[in-house]
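An overview of the molecular structure
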Amino acid sequence: QTAFEHKPWVETELQRRGVRTVEWSYVAAEHRHVIRERLSAGPLVLRPNRTSGGAGVLLLNSEDQLDQLPTDDSDHFVGVSDFMGNAIPLNVGAVVWASGQITLHPASIQLIGLPSCTSRRFGYCGNDFAAFELLDPSIVTEVETLTLRIGTWLANLGYLGAFGVDYLLNEDTLLFAEINARLQGSTAVSAAMAARAGHSDIVLEHVAAGLGLEPVMSMTLQDWTSELPPTSQVIVHNVRHQPARVEGTPSTIPKGW
């Protein structure tokens, strides 16, 4: 898992396999003058090499914000990209089996940086599975094709079990963002939807793949979209500067489904 968190390596390997990625350039943390020069052309996104849920990802609008760059990053460099303000973040789950077969699971539009839910500009706030159906069918097909290609790459390197892929849809261009070589924040809701619809879910398949079993079914992203009820989840973070008490946990799946 740790190897797949090394973003420059993952991006380089996938680019060799025809996957178009976000155009990150990597700058040593001490070479801030390079970032300062790029900033004159417009806002930038700065990303540490290892991050989760949007932690540490910054939207840079002015030179003053350069002081926010971490100084204790063990990788000693930061990814820099132009800010794509209208890009739509997408996510899909999948499973790699011992045979090398890849099975797909529900995809969603990710909820990112909602001011009422998080203090992080790019903080993860949940998933809208229903909104994915609104995408052009050609985009859905491309997401599926690329996810299967990425899954095959993972399989060839010995990876086994569940994983996720994040994409950015910038106008009509689909760009790979990152691999989540693990269960995701969307996994629980995805599994609950699939199970209630009578289908094999991503957690069950993750366990089955680890046991060396073979998949009993394979669904397309369009299959999932058409068969599952409209569902979304919103994750609310504590945006206060003090601890907060949570009373109860609301269900994301209405009773009776």
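Above: the structure in question.
Everything numeric here is computed off the predicted structure, so don't read it as measured data.

**Some details on the nonpolar core**
- Formed by 32 residues in total, the largest nonpolar core has its most connected members in V143, I150, L154, Y167, F176 and I179.
- When residues of this core are traced back to their parent elements, those giving at least two are α1 (7–16), β5 (88–96), β6 (102–112), α3 (137–156), β8 (161–170) and β9 (173–180).
- Tallying contributions element by element places α3 first for this core, with seven residues.
- When neighbours within four sequence positions are excluded, F176 is seen to be in contact with V10, E11, L14, V19, R20, T21, V22, I150, V165, D166 and Y167.

**Focus: a nonpolar patch on the surface**
- A cluster of nonpolar side chains, L183, V203, V207, L211 and L213, forms an exposed patch at the surface whose accessible area comes to about 440 Å².
- Here V207 shows up in helix α5 (residues 202–210).

**Some details on the sheet that holds strand β7 (residues 124–128)**
- Across the sheet, which stays open at both edges, the six strands sit in the order β9-β8-β5-β6-β7-β10 with antiparallel pairing between neighbours. With one partner strand each, in any of the chains shown, β9 and β10 (232–234) form the two edges of the open sheet. Taking the axes of each pair of neighbouring strands and ignoring which way they run, one obtains an average angle of 30° across the sheet.
- Of the strands in this sheet, β5, β6 and β8 touch α5, which is tilted by about 40° from β5.

**Here we look at the pattern of salt bridges**
- Applying the stated criterion across every chain yields a total of five salt bridges.
- Note that R47 is salt-bridged to E11, the shortest N-O span being 3.0 Å. Within this pair, whereas R47 is found in strand β2 (residues 44–48), its partner E11 is found in helix α1, the two being separated by 36 residues in sequence. Comparing R47 with E11, the two get one shared label, buried.
- One salt bridge in this structure joins R16 and E13, with 2.8 Å as the shortest N-O distance. Here R16 and its partner E13 are both found in helix α1, three residues apart, which amounts to about one turn of the helix.
- It is possible to trace a salt-bridge network through shared partners that takes in E13, R16 and R17.

Rules used in this analysis
- Residues numbered from 1 in each chain as written.
- Predicted model: local features only at pLDDT ≥ 70, side-chain atom pairs only at ≥ 80, totals over all residues.
- Heavy atoms only, no water.
- Core = buried A, V, L, I, M, F, W, Y, C linked by side-chain atoms within 4.5 Å.
- Buried < 20%, exposed > 50% of the residue type's maximum accessible area, 1.4 Å probe, protein only.
- Helix = DSSP H or I, 4+ residues; strand = E, 2+ residues; numbered from the N terminus.
- Contact = heavy atoms within 4.5 Å.
- Patch = residues over 30% accessible without salt bridge, like charges linked within 9 Å, V, L, I, M, F, W, Y side chains within 5 Å.
- Areas by Shrake-Rupley, 256 points an atom, 1.4 Å probe, with all protein chains shown as cover.
- Salt bridge = Lys/Arg side-chain N within 4 Å of Asp/Glu carboxyl O.
- Pairing = 2+ DSSP bridges.
- Axes fitted to C-alpha atoms, helices over the stretch in contact; angles between N-to-C directions.

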